[in-house]
Structure formats: C-alpha cells, structure tokens
Amino acid sequence: MAPPGSMRPPAPDDDRLEDLISRQGETSQSVVAGSFELVGLDEIKEALGARWPDLAARASDLAEQGIRRRLADRDILQVLSETEFSICFARLDRKAAVERAKQISREIKQEIFAELPEFSSSVTVKQYVAEIEIKNLAGDTGSLADRLVLTLRRMRLEADRAILNYRRLLLKDFQVLFAPLWDPERAIVDLNRCVLDLSLGCTTLSQFQAIADPDQMVDTLADMDCLALTRALEVLHRYGKASNVAAILVPVGYQTLARSSTRREYLKLLSSVPDVYFALCEARSHERAGASQC
C-alpha cells in the first residue's frame, strides 16, 4: 500500500471514474464506494517460508478475480495493492452496496480457503462501504481516483474508531446473572444457571451490529462468551470452596465454537479449569443416575 498522502500515476480507469461521478452528480449529491482488504496475511508469513510469495500472490489474484466477477458493467475497481481494493458502485445505493460487499467478502473467503487452506485460520476479508458526498471529492491534489481512495480510507478509519468504542462499551456494560436452584431435600445449591443480561447494552449492541462487519461481530460476541465463562468460573470457585456441590451451565454462541480462531481461544480458557472441578462434576453425574449438569 502506498504511504498516506502519496499519489499513484493516473490509472486508465480515471477517465471512467470522472465520467461516472459526473453522471452521478446529475441526479445525486453522493457516490457509493467500498473497499476490501485481506487482513492477517503477515501472521503466517514466517510459517510459510519460501512458499509465502507465491501463495500470497495467489490469494491476491483470487480476491481480485472474485471481485471482478461480481461487478456490474459500470462499476469501477481500483487495485490499490496486493491486499487492498476499492470499488465505485455505479447503480447501487448504500444499503444494496453493503449487502453486495458482504456477499463478495464471504465468497472471496470461501474461494481463498478452498484453494489455500493454510490461510483458513488467520485471514479475513474486511469490507467497508460508504456514501461519499461528491463535493468532498473536489480539489487539485492528485487524481479524482486518489481523492476518492483517501476519502474512503479516512471515513473507514473514523468508522473503525466508532466500532472500537461501541465494542468497549459492550464488553464493559453486559452483565452475567446466575439463577441458583435450591434443593430443599438436600439443602444444597443443585444448579446455578449462567444467563447473559444484555439489557444495559442492548442499544449499544444494535448500534454495533449496524456498523460492524460479520467478523467484527463474531469476534466481539466470542469475547463476551469468554468473559461469561471467566465470571462463571469465578462463581464456581466460590461455591466450590463453600460446599463442593455447585454446577454451572454456561451459554456459548454457536459461531464462537464454529470458527477455528475463536474456538481455539475459548477452549484454551476452558482448559484452565482445575481438574478437580470436572472430577466433582463427574461424581455428581453418577450420583444423579447419569443426569448431566456440568
């Protein structure tokens, strides 16, 4: 990727972009543009060794080909680097462009992972779509294509900051509640059901969902699952010290366990549970004639 502020030589598509934005200006005050970025390639560079250049180039080719296959006739693609691409959509409004970008992102990931399984656990395709006011593209610095890309990058940076802020609030505000069931015959806590309470952050969650891409959403919900498990283990430890009889059911999202990267983190946390807890759980299960409570 070129350093911020540096300009590339005029691309062959600059005239097409000038024409597209000129036509857009006749009926609208804005243009819809989007970007795609392969994120995470550097994390596996050392592991791949000598195979890295060829595989990285192939991943970039698959991404470019995948985007081009899904462009409309008048859409304009700019290849900014091996890992970054931008599109100016000719006929889509922002809502439709967001859906198209999500579809492209999913399909690119599927194609890359099918052909290059080495990338399956680390690489994501990050997409961003924005409606840019045409007046904000005015200027005499660089080409129109350069100004469009720089504006899109600035807006994406601002959106990323907003996403991080909403994410921080979500992780800070959500609560874990516990619903103990008392066994009057044995005078013990028989089951302690862990429940996530998102009521304090439900507005933040809906706002976050509106601006976050699917990977950001899955990562954040996975972090919430890990926090819930951590707090549940703390409660289990306290009950265990008192009576050695409490069991806790902890909810976990399907996507957290379905995706290899988030599943790995969750299972790593789960592996930190002392063996004695599982031994107590197994003993309780036998005592209850096979009833599973752990």
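Scroll up to find the structure this text is about.
Residues numbered from 1 in each chain as written. Predicted model: local features only at pLDDT ≥ 70, side-chain atom pairs only at ≥ 80, totals over all residues. Heavy atoms only, no water.

**Description of the side chain of Ser-81**
Looking at where Ser-81 falls in the secondary structure, it is placed in the loop between strand S2 (76-79) and strand S3 (84-89). In this structure the side chain of Ser-81 is engaged in a polar contact, spanning 3.2 Å, whose partner is the backbone nitrogen of Thr-83. (Helix = DSSP H or I, 4+ residues; strand = E, 2+ residues; numbered from the N terminus. Polar contact = N/O pair within 3.5 Å; in protein donor to acceptor, adjacent residues only side chain to side chain.)

**Focus on the packing of helix H3 (residues 52-69) against helix H4 (residues 94-115)**
Contact pair H3 / H4: the axes reach a minimum separation of 9 Å and the direction vectors enclose 145 degrees. In the packing of H3 onto H4, the handedness of the crossing is right-handed. Contact with H3, carried on its side by Arg-58, Ala-59, Leu-62, Ala-63, Gly-66, Ile-67 and Arg-69, involves Ile-104, Ile-108, Glu-111, Ile-112 and Glu-115 of H4 and no other residues of that element. Residue classes in the contact of H3 with H4 are distributed as seven nonpolar, one polar and four charged. (Axes fitted to C-alpha atoms, helices over the stretch in contact; angles between N-to-C directions. Left-handed = near helix turned anticlockwise from the far one by under 90°. Contact = heavy atoms within 4.5 Å. Nonpolar A, V, L, I, M, F, W, Y, C, P; charged D, E, K, R; others polar.)

**A word on helix H1 (residues 14-27)**
Over its 14 residues, H1 runs 21 Å from end to end, which matches the ideal 20 Å to within 8%, given 1.5 Å per residue. Regarding H1, the residues found buried are Asp-14, Leu-17, Leu-20, Ile-21 and Gln-24. Viewed along the axis of H1, the buried residues span an arc of 120 degrees, placing them on a single side of the element. For H1, the exposed residues lying more than 90 degrees away from the buried face are Asp-15 and Glu-26. (Expected span 1.5 Å × (residues − 1). Buried < 20%, exposed > 50% of the residue type's maximum accessible area, 1.4 Å probe, protein only. Arc of directions from axis to C-beta.)

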